Amino acid sequence: MIGKLKGTLEEIGEDYALIDVHGVCYVAFCSMRTLSRLGSVGEAAVLFIETYVREDQLKLFGFESALEREWFRLLQSVQGVGAKVALAVLSTLTASELANAIALQDKATVARAPGIGPKVAQRIVAELKNKVPALGGDAGEAMGLKQELGEGVASAPVADAVSALSNLGYSRDQAANAVAAAMKTAGDNPDSAKLIRLGLKELAK
């Protein structure tokens, strides 16, 4: 099982990268986003790898980060989503954009990916909505808050703070991210005024 490749970028194809690791060249199929960030041929390259072993083939899929690889795995847990479709989604949306779309149940954003119809997009946002926060970290906290907002179960001070920041011209995602960050330093049971004030500080960074 190959988990990571560190070597020299030998070639970039339409949907793959060829990585030379001490004289052995590996073909890794990648999203367009990962390919665009690999750099130039001859430069050092690192890819996180998902290894597929089938009866008649062995394939490597490469990703710029462990998080992108985790999304690749997660997407394929949805019925009707295989490796090709998962790569198409990751070529179209960043991990953050995908997480936001799922947290907000925004199937239209997911459907922007080639090969994703409305039904598959609906299954992705529905089946993954409770799995997104499990990715952890600051992103997980923000995703969880956005999910609460989307379901109408966020506390009144939080919802009011996000609404107030949105009314100031910030996008819903920016406002939710700022409030999620503010909640970490706001103490217990902060009121909306405090969350707005701390949220504005986050947005000013």
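Residues numbered from 1 in each chain as written. Predicted model: local features only at pLDDT ≥ 70, side-chain atom pairs only at ≥ 80, totals over all residues. Heavy atoms only, no water.

Draft legend 1. A look at the side chain of Thr51. Along the chain, Thr51 turns up in strand E4 (residues 44-53). Within the local environment of Thr51, its side chain forms a polar contact with the backbone oxygen of Ile2, the two atoms lying 2.9 Å apart. (Helix = DSSP H or I, 4+ residues; strand = E, 2+ residues; numbered from the N terminus. Polar contact = N/O pair within 3.5 Å; in protein donor to acceptor, adjacent residues only side chain to side chain.)

Draft legend 2. Inspection of the packing of helix H8 (residues 156-167) against helix H10 (residues 192-203) at higher detail. Direction vectors running N to C along H8 and H10 enclose 45°, while the axes themselves pass 9 Å from each other. By the angle class used here, H8 and H10 are oblique. Both H8 and H10 take part in a crossing whose hand is right-handed. Of the residues in H10, those touching H8 at Pro157, Val158, Asp160, Ala161, Ala164 and Leu165 are Ser192, Leu195, Ile196, Gly199, Leu200 and Leu203. Of the residues in the contact of H8 with H10, the class split is 9 nonpolar, 2 polar and 1 charged. (Axes fitted to C-alpha atoms, helices over the stretch in contact; angles between N-to-C directions. Parallel < 35°, antiparallel > 145°, perpendicular 65-115°, else oblique. Left-handed = near helix turned anticlockwise from the far one by under 90°. Contact = heavy atoms within 4.5 Å. Nonpolar A, V, L, I, M, F, W, Y, C, P; charged D, E, K, R; others polar.)

Draft legend 3. Structural view of the nonpolar core. In this structure, Phe72, Leu75, Leu98, Ile116 and Ile124 are the most contacted members of the largest nonpolar core, which totals 28 residues. Of all the secondary structure elements, the ones that give two or more residues to this core are strand E5 (58-63), helix H2 (66-75), helix H3 (83-92), helix H4 (95-103) and helix H6 (118-127). If one sorts the elements of this core by residue count, H3 sits on top with 6 residues. Excluding anything up to four places from it in sequence, Leu75 contacts Val81, Ala86, Val89, Leu90, Leu98, Ile124 and Leu128. (Core = buried A, V, L, I, M, F, W, Y, C linked by side-chain atoms within 4.5 Å. Buried < 20%, exposed > 50% of the residue type's maximum accessible area, 1.4 Å probe, protein only.)

Draft legend 4. Structural detail: the pairing of strand E2 (residues 16-21). One ladder, built from 4 bridges, connects strand E1 (residues 4-12) with E2; its direction is antiparallel. Its bridge partner being in E2, Glu11 is matched across the sheet by Leu18. Between E1 and E2, which pair antiparallel in sequence order, lie 3 residues. As consecutive antiparallel partners, E2 and strand E3 (residues 24-30) are separated by 2 residues, and within that stretch His22 has a phi angle of approximately 55°, a positive value. (Pairing = 2+ DSSP bridges.)

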